[in-house]
Amino acid sequence: MSNQPPPDGLVPRRDILRWGAASLALLGASACTSAVEREARNRTATTGTRGGRLVIAQGTDIIPKTVVNQSAQNATWRRQVFNSLIRLDRKTHEVIPELATSWKTSDGGRVTTLTLREGVTWHSGRPFTADDVRFSVEFQRDMQPPFAFAWLLKQLSEVEAVDSGTVRLAFDEPVNNLFDALSLMIMLDRESAQELMTGARVIGTGPFTFAEYRQGTSLRLDRYANYWESGRPALDSVLVRVITKPEARMSALRSGQVHLATGVGPMELKQVESDRTFTVTPYDTYSSGVYLGCNVNAGPLKDKRVRQAVHYALDRRRIAEEIYRGKATPNATPWSATSPAHNQRLADHYARDLTRAVSLLKEAGADGAELILESAQPVGKSAEIVEFNLREAGLKPRLRVLNATQQQERIESRSFEGMWMGQHGYNNLSPTNLLYSAMPYRTTQNLFNFASDRYEKLAQAALRATGESEQRAAYDAVTEFILDEAFCCDLVHATSTAVTNGVSAWDYTVWDDVLLGKSTVA
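Residues numbered from 1 in each chain as written. Predicted model: local features only at pLDDT ≥ 70, side-chain atom pairs only at ≥ 80, totals over all residues. Heavy atoms only, no water.

**Student:** Now, about the pairing of strand β19 (residues 488-494): what can you tell me, with residues and values included?
**Tutor:** In terms of burial, β19 is a largely internal element, seven of the seven residues being buried. Here six bridges tie strand β14 (residues 288-294) to β19, and the two strands are oriented antiparallel to one another. In the sheet register, Leu-292 faces β19, and the bridge partner there is Cys-489. (Buried < 20%, exposed > 50% of the residue type's maximum accessible area, 1.4 Å probe, protein only. Helix = DSSP H or I, 4+ residues; strand = E, 2+ residues; numbered from the N terminus. Pairing = 2+ DSSP bridges.)

See the structure below:
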């Protein structure tokens, strides 16, 4: 192939209904900004003056040491500081140049040669060269915690810096998702990469420099005067504010203290949807799944009948309708409706069946068992419904909503005490990305300590399947295995939403990372 530039306590259903109804009555009904209107506003605002500071509000603290992977914590800033070699068009998935201006694939898909952009420098002033690409690939192949596509990079037989502006990537076998990996993989400065892992020093080639980070409070990014794209960035600086309470985040947006808010929930959207001052942008990447996983080494959860009972007990439709106001879709599989692996019959596999859940628990001798349910803050309201559902099935769950630091500690040590609820991505490009890259589902070292030779074989079959019918059979086989083992299943699929006020020409990647290189602010 060749190309050229061109997410304690029992919550009765009636309380949630009352809460939702009160919000609706207070805020009134309306709709998201249409795509046509968003584009028109973006075009109109592109004449905004250069300079100034854009202020972003997000609900969780940033975590610099996890910046190499997709995460909501770092989505607002990682692509302001770092570049990738290429990007993917969100709709067509066509490859778009970034630090690589052209590329050629040869030897039956085994070799890819990339030509690098000239005149690129690191924020330290050092020129960016092919040796930096080789270092970035090898570092992210071997680092811990692992880069999501390390499994693919480990299949490289050679990474060669042909000359200062040319890189050759060679595999023993043909690969078909290298560009998925390259679009996520950021280029790392070999002189500061180890310090990046501790967050002590952050050097990239992006339009903004990492200027000042105050843990739990804010991050300031300053304009990089020697950025390779002429005339960019237009902004002098970007300030990312950490505002954990949704109501405070929306208050800051409505008062003009914030220009862009990310991860805005359906209930908060009601505050701005009818106000033409704000532009509501539901991401069109459809990459966010809300999941519930079970540590297969934790007490009753060792028995897959208990895990299956948990999922039969859940009321996915209630979560979709009440928490997401109908803007989420119940789905037990990790595949969104736009994924080639999606199968509606399997998506409906865990339609609520409380009788079956109770029967499975009795059969396993686990009725009345005490279980820990931990949850990320963005899905805390959904977790309250889950806790209520599990009590209906006769279990005794205890809900803990973790903060970002506690969550990261659990993830790194894979030490959840029972069940865990969070959000995953990796479901909008090649299906095999999720099987090898998404931490809840990957075949090795997943969050729930589930390992199986059969799982690995089914994933390999999906990876190597060619042709529509062979791929369909392979995707269904691995999905049926995941549903049967029930170490992790999805609840609903939703899309992330951002709200802006006076921001022009902002964009986001197929990985939901915000792009501000061309933006201005009113």
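**Student:** I'd like a description of unusual backbone geometry, backed by residues and values.
**Tutor:** For the peptide bond that leads from Gln-144 to Pro-145, omega is -5 degrees, which places it in the cis range. Within the secondary structure, Pro-145 is located in the loop between α4 (130-142) and α5 (150-153). In the segment running from Arg-232 into Pro-233, the intervening peptide bond is cis, with an omega of -5 degrees. Mapped onto the elements, Pro-233 comes out in the loop between β10 (218-223) and β11 (237-242). Located in the positive-phi region is Tyr-426, a residue other than glycine, with phi close to 65 degrees. Here Tyr-426 shows up in the loop between β18 (419-424) and α16 (431-437).

**Student:** Could you give an account of the sheet that holds β19, naming the residues involved and the relevant values?
**Tutor:** The six strands lie next to each other as β15-β19-β14-β18-β16-β17, forming an open sheet whose pairing is mixed. Looking at the sheet topology across the chains shown, the edges are occupied by β15 (329-330) and β17 (396-402). Direction of pairing for strand β16 (residues 370-376) relative to β17: parallel, over a ladder of seven bridges. Across the sheet, the residue bridging to Ala-376 is Leu-402, located in β17.

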